[in-house]
Amino acid sequence: MSLRGTKQSHVGKRPCKVRDCFVPRNDNLVENYIFINLSMQKILIANRGEIALRIMRSAREMGIKTVAVYSDADRNALHVRYADEAVHIGEAPSNQSYLVGEKIIDACKQTGAEGIHPGYGFLSENAAFARKVREAGLILIGPSPEAMEVMGNKLSAKAAAMKYNIPMVPGTEEAITDINEAKQRAVEVGFPILIKAAAGGGGKGMRIVESVGDFEEQMQLAVSEATSAFGDGSVFIERYVSSPRHIEIQVLGDTHGNILHLFERDCSVQRRHQKVIEEAPSSVLTPEIRNAMGKCAVDVARSVNYTGAGTVEFIMDDQLNFYFLEMNTRLQVEHPVTEFITGIDLVKEQIRIAMGEAISFKQEDLEINGHAIELRVYAEDPANNFLPDIGTLQTYVTPKGPGVRVDDGFEQGMEIPIYYDPMIAKLITYGKNREEAIERMIRAIDEYHITGITTTLAFGKFVMQHGAFTSGNFDTHFVKKYFTPEVLQTDNEEEAMIAALLVERLLGRKKNSTNNTIAIESSNWVRNRKHSN
């Protein structure tokens, strides 16, 4: 770590120069700052797979060396081979490797890395880890631990946002543990209601309650699931918004007090309350609503003096009224669609901000150019309730051509580990308008060849060709409303017909071949076709 200048103060164990970037001086409120200016020659990426590679590529373009960390399962992973250095941090389970903050910090000290980029998932929103990074004299490429703590709890996040009169879904403003009191509040809010875990995410600890008679059972289930998933059984109540759209705003904040937004992403196509397809911009926002949401997102970020890249999430009803949901204090999986429509490399901005630089552009400099769509390619079987389908990538050929980007961390012959999220890649397409982006996504899906496992590619093509999606008239219930396993079985029937024709052709061309050989070849073809979706 290099520090320029002569006047110095101290925050914990870290030397700081009174000049360019803000560092919080207390652990309660992000209000008092001193200025520092830091430069990083080497950073450690505390993550794996596609996001580790994506961060490393931007760092390399900036002339910054990178350090990879890896578990036993990732010993031969692409991100390990791409980095300038790599450090083994433990066994395959994430709680013995990627989630052990002390091992990450030790790897920094071992390699001389000055900063840590946590990516997303794992330790990216862990305030305790962020504080340990600071205490170790290292730079976290992300927001302060204080901001993480406030926004990491939905109730404290709502309290911070309310100071700026951000629209909120009607409901309780505090955690409720007494069932009788909670039931009374639910009646006041009006059914249907949503019980949500205060520390939750990914749909865990969340229950929709249609009537007062179901309330007690559903609240007990929500509290139990929240306690199991987050170690915190606190829940609160909100009115359930029917036909919701999930709209989020990308924000950037620097250490000079500048906060701006980079427009919205529509993340309404979900399964199990988790995103599968995202796009930017949204097909339903008017310029007036976009400006209003952007201002609210900036105000939410300002409520905690946010630094770095973050996302403010909103829910929107069928009348285009929007309400604050939460803030994700990290880079999002779907950040590439924002990069496409703005031309901004968000990872480079994160690194520059962490080094104390001011954002080099202003809000008025930004404009939306074109349209981008992202499909998360999961090793999951959509016809079997999207359950993971782990195996070996027997064939792995990615699409190419104009307006196509693939962020991945695998290659042909590699195993999909059972220990981590089953996402193989992110397939992103860009076009001059939404129609072209959709057309390119369909073409890219057809060119994406994966065998050995079942993926969400076929599901993605189904969505791209469905009238509800192409018209923009859809919500977070898209899968529930329109998708059934039979949709993909129809494709399988077409494949069986094609296979039958192939057998006829083989019989005609290979009169000297045995029937057994022909059967084997056609069976292999059908199996490969099945697993290439």
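Everything numeric in this text was worked out from a predicted model, so none of it was measured. (Residues numbered from 1 in each chain as written. Predicted model: local features only at pLDDT ≥ 70, side-chain atom pairs only at ≥ 80, totals over all residues. Heavy atoms only, no water.)

K.L.:
Hey, could you go over helix H12 (residues 434-447) for me, with residue numbers and the actual values?
P.N.:
Over its 14 residues, H12 extends 20 Å from the first C-alpha to the last, a length consistent with the 20 Å expected when each residue adds 1.5 Å. The inward-facing, buried residues of H12 contact strand E17 (274-280), strand E20 (371-378), strand E24 (404-408), strand E25 (423-431), helix H13 (457-465) and helix H14 (467-471). With a side-chain oxygen positioned 3.3 Å from the backbone nitrogen of Glu435, the residue opening H12 is Asn433. (Helix = DSSP H or I, 4+ residues; strand = E, 2+ residues; numbered from the N terminus. Expected span 1.5 Å × (residues − 1). Contact = heavy atoms within 4.5 Å. Polar contact = N/O pair within 3.5 Å; in protein donor to acceptor, adjacent residues only side chain to side chain.)

K.L.:
Could you give an account of the sheet that holds strand E13 (residues 207-209), with specific residues and numbers?
P.N.:
Strands sit in the order E13-E12-E14 across an open sheet of 3 strands; the sheet is antiparallel. The sheet is open, and its two edges are formed by E13 and strand E14 (235-239), each paired on a single side. Averaged over all adjacent pairs, the angle separating strand axes in this sheet is 25°, with direction ignored. The pairing of strand E12 (residues 193-197) with E13 spans 3 bridges and is classified as antiparallel. Bridging from a neighbouring strand, Ile193 pairs with Val209 of E13. (Pairing = 2+ DSSP bridges. Axes fitted to C-alpha atoms, helices over the stretch in contact; angles between N-to-C directions.)

K.L.:
If you had to explain helix H7 (residues 179-189) to someone new, which residues and values would you point to?
P.N.:
All of the buried residues along H7 are Ala182, Ala186 and Val189. Projected down its long axis, H7 carries its buried residues within an arc of 60°, all on one side. For H7, the exposed residues set more than 90 degrees away from the buried face come down to Asn180 and Glu188. In this fold, the buried residues of H7 make contact with E12, helix H8 (215-230) and E14. N-capping of H7 is provided by Asp178, with a side-chain oxygen placed 3.2 Å from the backbone N of Asn180. Just downstream of H7 lies Gly190, where phi reads positive at about 100°. (Buried < 20%, exposed > 50% of the residue type's maximum accessible area, 1.4 Å probe, protein only. Arc of directions from axis to C-beta.)

K.L.:
How would you explain the pattern of salt bridges if you had to name every residue and give the values?
P.N.:
Under the defined criterion, the tally for this structure stands at 40 salt bridges. Where Asp74 meets Arg48, a salt bridge forms, and the shortest distance between an N and an O atom there is 2.7 Å. Separated by 26 residues along the polypeptide, Asp74 in the loop between strand E8 (65-71) and helix H2 (78-82) and Arg48 in the loop between strand E7 (42-45) and helix H1 (49-61) bring together distant segments of the chain. Here Asp74 matches Arg48 in class, with each residue buried. A salt bridge links Glu313 to Lys275; the nearest nitrogen and oxygen atoms lie 3.3 Å apart. Residue Glu313 is located in strand E18 (residues 308-316), and its partner Lys275 is located in strand E17; the two are separated by 38 residues in the primary sequence. Judged by its relative accessible area of 11%, Lys275 falls in the buried class. Connected through shared salt-bridge partners, Glu248, Arg265, Lys275, Glu278, Glu313, Glu334 and Arg376 make up one network. (Salt bridge = Lys/Arg side-chain N within 4 Å of Asp/Glu carboxyl O.)

K.L.:
So what about the sheet that holds strand E11 (residues 139-140)? Which residues, and what values?
P.N.:
The 5 strands lie next to each other as E9-E8-E7-E10-E11, forming an open sheet whose pairing is parallel. In this open sheet, the two strands that pair with only one neighbour each are strand E9 (85-90) and E11. Of the pairings in the sheet, the one linking E8 to E9 comprises 5 bridges and is parallel in character. Bridge assignment links Val69 to a residue of E9, and that residue is Val87.

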